[in-house]
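Listed below, chain by chain, are the residues.
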Amino acid sequence: MFLSVFDIFKIGIGPSSSHTMGPMVAASRFLTALATLPDRAGCTRLAVSLHGSLAFTGKGHATDRAVFLGLMGCLPETLDPDQAEAMVAQLRVNRTITVPEGDPVAFDPDHDLVFDYGPPLPGHANGMVFTAFYPSGEILLRQVFYSVGGGFVVSEDELSGQSSSRDSVPADVPYPFTSAVEMLRMGKGTGLSIAAMKEANERARHGPELEPGLERLQAAMNACLDRGLRHDGILPGGLSVRRRARGLHQQLLSERGSNQAQPHAATDWLLVYAMAVNEENAAGGRVVTAPTNGAAGVVPAVLRYYRDHCIGASAAGARQFLLTAAAIGGLIKHRASISGAECGCQAEVGSASAMAAAGLCAALGGTNEQVENAAEIALEHHLGMTCDPVAGLVQVPCIERNGLGAIKAVSAASLALRGDGQHFMPLDNCIETMRQTGQDMADKYKETSIGGLAVNLPEC
Ligand code: SF4
């Protein structure tokens with residue numbers, strides 16, 4: 001298993017990696033598969049059904065819109081969010097999809113995409129079925145995809161092991177650790193930091209593309225955070241949630257250096273950075289999965305905190321931060337999950353917090369053992385956290401929750417740095433606990449919006 005820093009951190013669009021980016025990628029994969037069939041000219045109609053969590057919270061997450069855009073050939077990394085509405089409006093008028101190298105095929109967005117509220121598909125909570133029909137109604141092509149979190153998509157065959165997805169290809173990298181204990185052992189044997197081992201792995205996969213790729217990621221994270229600090233107004237979706245990051249940031253700037261600032265203002269800076277990213281995500285803007293869209297604010301917030309608030313911060317430290325965070329995110333995804341629909345919010349904001357804690361600890365000079373300790377502390381204290389987004393929108397509790405995840409990450413890094421790396425609960429055990437807890441969690445707490453905060457709304 002090898003999960004690249006560019007798999008964990010993917011540039012895309014909001015509001016959700018599993019419910020927006022993944023379905024767009026799946027739709028685009030289906031379209032590509034259809035285009036390669038010799039019989040493609042015989043296709044006259046397409047249909048899509050969304051299952052499980054994609055059905056229950058798909059409207060709030062704009063999953064339907066993402067599928068339409070994917071069927072129109074868009075991908076999250078290159079889609080211009082400002083063009084998306086016009087494209088979907090055009091589809092509603094034309095009611096056709098153009099298969100590459102083929103003729104237009106009937107697809108009525110109001111009837112040919114179905115939110116199926118029946119039992120979820122067997123492979124994963126986020127299932128999708130794409131079907132292409134002959135004029136007779138016979139099936140030309142039917143494909144099932146699962147959006148497994150963080151924008152990752154697997155087909156039914158890939159999930160069952162009949163064909164290989166990129167994630168399952170054996171790793172041809174110098175340090176192929178698949179657990180924290182292996183990672184620490186390799187570090188001890190070579191004298192290398194986690195970031196240095198991760199860098200060697202990435203170089204084996206990406207060669208000279210690594211540097212510009214890391215620069216692009218940081219630039220995209222920073223641009224998203226800065227956009228979030230500039231914009232205010234009401235978020236889309238109907239909950240009338242106000243964007244708060246801009247106003248809070250202005251308050252903090254005005255208090256800076258004055259004797260009105262409380263010592264705990266540092267936590268307010270972390271909150272405002274994370275909220276800025278998640279407000280931008282909720283508005284459907286350009287974000288970086290870290291490791292998901294719902295949890296996209298934690299890593300950029302702690303990285304910005306490192307850059308602008310920590311003594312001795314440097315560009316090299318920021319690079320170490322990202323590589324270390326990606327190493328921890330890869331372990332969690334490999335050994336448990338980063339999907340709220342699979343394991344609750346502990347898998348999203350909990351994972352993000354563990355990644356950020358590890359990254360900050362490394363950037364501040366922590367040993368490998370302290371880094372592993374920092375990740376474990378942050379994840380341990382998110383265990384059991386459910387996913388219950390109100391109205392299926394990635395707004396309440398998600399926006400504030402990222403801020404609190406960032407604060408926990410900094411506290412976890414600080415606590416680990418004050419120790420010597422020796423600690424009671426290994427990170428691998430904590431990850432396994434998260435997986436088991438997620439398995440035991442009732443479905444209503446796993447991104448379905450039929451439990452928790454989502455059903456305990458204030459009376460207006
Ligand atoms: S509650 Fe957590 S896991 Fe659920 S959508 Fe919000 S951020 Fe994602």
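Residues numbered from 1 in each chain as written. Predicted model: local features only at pLDDT ≥ 70, side-chain atom pairs only at ≥ 80, totals over all residues. Heavy atoms only, no water.

A. Structural view of the packing of helix 11 (residues 265-282) against helix 17 (residues 398-417). Helix 17 packs onto helix 11 with a crossing angle of 140° between their chain directions and a minimal axis gap of 8 Å. Overall, the two elements helix 11 and helix 17 adopt an arrangement that is oblique. In this structure, helix 11 crosses over helix 17, and the sense of that crossing is right-handed. Packed against helix 11, whose contacting residues are Thr267, Leu270, Leu271, Ala274, Met275, Asn278, Glu279 and Ala282, the element helix 17 presents Cys398, Ile399, Glu400, Asn402, Gly403, Leu404, Ala406, Ile407 and Val410 at the interface. Its residues placed into classes, the contact of helix 11 with helix 17 shows 11 nonpolar, four polar and two charged. (Axes fitted to C-alpha atoms, helices over the stretch in contact; angles between N-to-C directions. Helix = DSSP H or I, 4+ residues; strand = E, 2+ residues; numbered from the N terminus. Parallel < 35°, antiparallel > 145°, perpendicular 65-115°, else oblique. Left-handed = near helix turned anticlockwise from the far one by under 90°. Contact = heavy atoms within 4.5 Å. Nonpolar A, V, L, I, M, F, W, Y, C, P; charged D, E, K, R; others polar.)

B. The arrangement of helix 9 (residues 210-230) in detail. Between its first and last C-alpha, helix 9 extends 30 Å over 21 residues, near the 30 Å set by a 1.5 Å rise per residue. Considered for burial, the residues of helix 9 that qualify are Leu210, Gly213, Leu214, Leu217, Gln218, Ala220, Met221, Cys224, Leu225, Arg227, Gly228 and Leu229. (Expected span 1.5 Å × (residues − 1). Buried < 20%, exposed > 50% of the residue type's maximum accessible area, 1.4 Å probe, protein only.)

C. Region of interest: unusual backbone geometry. Omega for the bond connecting Gly14 with Pro15 falls within 30 degrees of zero, at 5°, which places this linkage in the cis form. The omega torsion of the bond from Ala290 to Pro291 falls at 0°, within 30 degrees of zero and hence cis. Among the structural elements, Pro291 can be located in the loop between strand 9 (286-288) and helix 12 (298-309). Even without being a glycine, Ala62 presents a positive backbone phi close to 60°. Secondary-structure assignment places Ala62 in the loop between helix 3 (53-56) and helix 4 (63-71).

D. Quick look at the site of the ligand. With respect to spatial proximity, the complete set of residues near the ligand consists of Gly294, Gly340, Cys345, Glu348, Cys387, Cys398, Arg401 and Glu447. The residue makeup of the shell around the ligand, split by class, is three nonpolar, two polar and three charged. (Near = heavy atom within 4 Å.)

E. Here's a closer look at the nonpolar core. Formed by 100 residues in total, the largest nonpolar core has its most connected members in Phe9, Val299, Val302 and Ile328. For this core, the leading source of residues is helix 15 (residues 349-363), giving 11 residues. The residue makeup of this core includes at least three contributed by each of domain 1 (16-161) and domain 2 (180-454). The residues contacting Phe9, other than those within four sequence positions of it, are Leu217, Met221, Val288, Thr289, Ala290, Val299, Leu322, Ala325, Ala326 and Met355. In terms of nonpolar packing, the next biggest core, distinct from the first, is built from 37 residues, Leu50, Ala55, Leu71 and Leu140 among them. (Core = buried A, V, L, I, M, F, W, Y, C linked by side-chain atoms within 4.5 Å. Domains from an automatic or database assignment.)

F. Spotlight on the pattern of salt bridges. One pass over the structure, following the stated rule, counts 19 salt bridges. Between Glu202 and Lys198 there is a salt bridge, with its nearest N and O atoms 2.9 Å apart. Placement of the pair is Glu202 and Lys198 together in helix 8 (residues 194-206), with a separation of four residues, close to one helical turn. In terms of burial, Glu202 and Lys198 fall into one category: buried. Ionic pairing is found between Glu199 and Arg203, a salt bridge with its closest N-O pair at 2.9 Å. With Glu199 and Arg203 both in helix 8, this residue pair falls four residues apart, about one helical turn. Using a relative accessible area of 34% as the deciding quantity, one classes Arg203 as partly exposed. It is possible to trace a salt-bridge network through shared partners that takes in Glu199, Arg203, Glu211 and Arg319. (Salt bridge = Lys/Arg side-chain N within 4 Å of Asp/Glu carboxyl O.)

G. Inspection of the pairing of strand 7 (residues 139-149) at higher detail. Burial runs high along strand 7: eight of the 11 residues are buried. Pairing of strand 6 (residues 126-133) with strand 7, which is carried by seven bridges, proceeds in the antiparallel orientation. What sits directly across from Phe130, in strand 7, is Gln143. A loop of five residues connects strand 6 with strand 7, the two strands running antiparallel in sequence, and Gly137 in this loop sits at a positive phi of about 95°. Adjacent in sequence and paired antiparallel, strand 7 and strand 8 (residues 152-155) are bridged by two residues, among which Gly150 carries a positive phi angle near 70°. (Pairing = 2+ DSSP bridges.)

H. View of the packing of helix 9 against helix 10 (residues 245-255). Relative orientation of the contacting elements helix 9 and helix 10 amounts to 85°, with a least axis distance of 6 Å. Here helix 10 runs roughly perpendicular to helix 9, going by the angle between their axes. Between helix 9, through Gly228, Leu229 and Arg230, and helix 10, the contact on the second element is made entirely by Ala245, Arg246 and His249.

I. Region of the structure containing the domain arrangement of the chain. Each domain of the chain was delimited in the assignment, giving domain 1 (16-161) and domain 2 (180-454). A C-alpha centroid distance of 30 Å is found between domain 1 and domain 2. Listed as interface residues are 23 residues of domain 1 and, on the opposing side, 21 residues of domain 2. Taken together, the two surfaces of domain 1 and domain 2 that pack against each other cover about 1500 Å², and 56% of this comes from carbon and sulfur. Along the contact surface separating domain 1 from domain 2 lie zero salt bridges. (Buried area = accessible area lost by both parts, 1.4 Å probe.)

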